[in-house]
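Each chain, letter by letter, is given below.
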Amino acid sequence: MTQAASGQPGIDELREKIALSCQILAQHGLVKGSTGHVSTREPGTDNILIRGRPRGDRGLRFAEPSCVMRVDLEGTPVGDNGDVNRVSEIYLHTDLYKYRPDVNAVIHAHPPGVLLCTMNRVELRPIFSGYEPGAMRIALYNQAPVYDRSITLHTREETSPFLDLMAQHNMVMMRGHGIVVAGRTVEEATSRALTLESLARLNWLAHLGGGAPDISDEDKAEWLRRDRASSRGDREGGGWNGLVAMLEHGALRADSIGLGAQFG
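Residues numbered from 1 in each chain as written. Predicted model: local features only at pLDDT ≥ 70, side-chain atom pairs only at ≥ 80, totals over all residues. Heavy atoms only, no water.

In regular strands, side chains alternate between the two faces of the sheet. Strand β1 (residues 37-41) sits mainly inside the fold: four of its five residues count as buried. Pairing between β1 and strand β2 (residues 47-51): three bridges, direction antiparallel. Looking across to β2, one finds that Thr40 is bridged to Leu49. Two successive antiparallel strands, β1 and β2, enclose a turn made up of five residues, where Gly44 displays a positive phi of approximately 80°. (Buried < 20%, exposed > 50% of the residue type's maximum accessible area, 1.4 Å probe, protein only. Helix = DSSP H or I, 4+ residues; strand = E, 2+ residues; numbered from the N terminus. Pairing = 2+ DSSP bridges.)

A separate point is the side chain of Ser39. Residue placement: Ser39 occurs in strand β1. The exposure class assigned to Ser39 is buried, which follows from its relative accessible area of 0%. Among the polar contacts listed, one links the side chain of Ser39 to the side chain of Tyr97, at a separation of 2.7 Å. In this structure Ser39 touches Ile18, Ile48, Leu49, Ile50, His93, Tyr97, Asn104, Ala105, Val106 and Val186, once residues within four positions along its chain are discounted. (Polar contact = N/O pair within 3.5 Å; in protein donor to acceptor, adjacent residues only side chain to side chain. Contact = heavy atoms within 4.5 Å.)

Now for the pairing of strand β9 (residues 178-183). Counting buried residues along β9, six of its six residues qualify, which places the element largely inside the surrounding structure. On β9, burial covers both faces: Gly178, Val180 and Ala182 on one face and Ile179, Val181 and Gly183 on the other are all buried. Taken together, the five bridges between strand β6 (residues 105-109) and β9 define a ladder with antiparallel strand orientation. Considered in β9, the bridge of Ala109 is made with Ile179. Relative to β9, strand β8 (residues 171-174) is paired through four bridges, and the arrangement is antiparallel.

This is the structure we're talking about:
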């Protein structure tokens, strides 16, 4: 790995993080096959690095740094990207970076829990608490609204209305399609995507069981009080090392529809 003189991650490190994020998302069932993409800004430039479509693509579960290409903020390939082609939904990335200078990483994925909830209009509610505070924030603060269109956004004209909603949120669910998640780092965006899907899966499973009530108003109020008083704030991505370790050791395998897990 290289490290830039400014202290920013080097290009090789960023390429590796994008590839690892793709593998983690696939291992946890948020992406399938070759669909979905992860990107980050290239420090000190107006370019981004994004997982593209390599020749002989084996899918995101087997993404490698060589699958990552460089494009500018108009979506035009920059330099020699080998046999890696641009993804069709490139403007979800490039235009979001234009509108959101605070964003340094973007993920587009198609997690089954979110798909099932949005297709069936199952609201993501605060039905559990304690062990996953990020999920509670999403539910209580309505951090992941739904965009009603489900088409693949190929053009700037198609993408623009979606970005109007994304301008105010770090996570947006696309009804019957997937999610777009933004973060300050690849690690943070990956963590947010996993947390959002965890919340969706539990709400979907509760819905199948006849529905579950929200936690009590008293517990909501106490949770909000503690969250606002916490100095930890919204620091997501802290579990990155654990996610990489699971990836390396094969400790987690999503089932065939991505709604369960097998350990071993």
